[in-house]
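Residue-level structural notes
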Amino acid sequence: DIVVDLGSGAGNDVFVARALVGDEGKVIGLDMTQEMIDKANRNNQKLGYKNVEFYLGEIEAMPLGNSIADVVVSNCVLNLVPSKQKAFAEMFRILKSNGHFCVSDIVVKGELPENLKNSAAMYAGCVAGAIQHDEYLKIIEDAGFKNIEVKKTKVVNLPDELLKDYLSDKEIASFIENKIGIFSITVVGSKN
């Protein structure tokens, strides 16, 4: 298989995927920062893999050809992309027929208080760019994917200390009472 890892960073997930595809497959990492591409290439030089490549580029405009990948993976990156529509459309474009994706991402249910949503800690924690759960799944469907399934859902519990840094006691009570939630989800879908 040919696997593409979006937001590949230093290459950790690429090297895990490389162990699965073996010598016959290929793994491509895509990252938006030159520093991470350089680090990933240094890591790959140490490992000596000939079927691993790293590309500098944006997820919303991937520097990859049409219908090249069997599998696309991503781990807590897509929610940081400004246009989820473009990101999933690009994933659809680079996948071969019968290819599939598996992404882990952060979504929300309910409306996060503005102070919390805009905080640097939330951004670094993959939360600031998160969108509503149902909207996220609709974007995937609108991109053309089929067999969309949430394989795993996990509540992201925010520590009280963090909430107190950004919210008043009244806002914290409302946050808890209204069952506003931040969730880590693992979603799969296919291009039929």
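Refer to the structure printed above.
Anyway, here's the lowdown on the structure attached to this text. All values derive from a computational prediction rather than experimental measurement. (Residues numbered from 1 in each chain as written. Predicted model: local features only at pLDDT ≥ 70, side-chain atom pairs only at ≥ 80, totals over all residues. Heavy atoms only, no water.)

Here we take up the pattern of salt bridges. If you walk through the whole model with that rule in mind, you get six salt bridges. In this structure, glutamate 53 engages lysine 26 in a salt bridge whose closest nitrogen and oxygen atoms are separated by 3.2 Å. With glutamate 53 in strand 3 (residues 52-56) and lysine 26 in strand 2 (residues 26-31), the pair connects residues that are 27 residues apart, well separated along the chain. Overall, the relative accessible area of 26% leaves glutamate 53 in the partly exposed class. One salt bridge in this structure joins lysine 151 and glutamate 149, with 3.6 Å as the shortest N-O distance. When its relative accessible area of 52% is taken as the criterion, lysine 151 is described as exposed. (Salt bridge = Lys/Arg side-chain N within 4 Å of Asp/Glu carboxyl O. Helix = DSSP H or I, 4+ residues; strand = E, 2+ residues; numbered from the N terminus. Buried < 20%, exposed > 50% of the residue type's maximum accessible area, 1.4 Å probe, protein only.)

Bringing unusual backbone geometry into the picture now. Despite not being glycine, cysteine 76 has its phi angle at roughly 55 degrees, a positive value. Residue placement: cysteine 76 occurs in the loop between strand 4 (69-75) and helix 3 (84-94). Phi is positive for asparagine 147, close to 50 degrees, though the residue is something other than glycine. Locating asparagine 147 in the fold gives a position in strand 7 (residues 146-155).

A word on the nonpolar core. By size, the foremost hydrophobic cluster in this structure holds 30 residues, and its most contacted members are Phe88, Met91 and Tyr136. Taken together, the elements giving at least two residues each to this core come down to strand 1 (2-6), strand 2, strand 4, helix 3, strand 5 (95-109), helix 6 (133-142) and strand 8 (181-190). Leave out the neighbours within four places in its chain, and phenylalanine 88 touches Leu78, Phe101, Tyr136, Ile139, Ile140, Ala143 and Phe145. Residues Ile106, Leu162, Leu167 and Ile172 belong to the second largest nonpolar core, which totals 13 residues. (Core = buried A, V, L, I, M, F, W, Y, C linked by side-chain atoms within 4.5 Å. Contact = heavy atoms within 4.5 Å.)

The next subject is the side chain of histidine 133. When you line up the elements, histidine 133 lands in helix 6. What makes histidine 133 buried here is its relative accessible area of 12%. If we ignore the near neighbours within four places in the chain, the residues touching histidine 133 are Val107, Val108, Lys109, Val150 and Ile185.

This brings us to the side chain of serine 74. On the secondary structure map, serine 74 appears in strand 4. Once residues lying within four places of it in the same chain are set aside, the contact partners of serine 74 are Asp5, Leu6, Cys102, Val103 and Ser104.

Across its 14 residues, helix 2 (residues 34-47) extends 20 Å between first and last C-alpha, which sits within 8% of the 20 Å expected from 1.5 Å per residue. Turning to helix 2, its buried residues number three or more, namely Ile37, Ala40 and Asn44. Seen along its axis, helix 2 keeps its buried residues to an arc of 65 degrees; they face one direction. Residues of helix 2 that are exposed and point more than 90 degrees away from the buried face comprise Glu35, Gln45 and Lys46. In the core, the buried residues of helix 2 are packed alongside helix 1 (12-21), strand 2 and strand 3. Glycine 48 occupies a position one or two residues after helix 2 and carries a positive phi of about 75 degrees. (Expected span 1.5 Å × (residues − 1). Arc of directions from axis to C-beta.)

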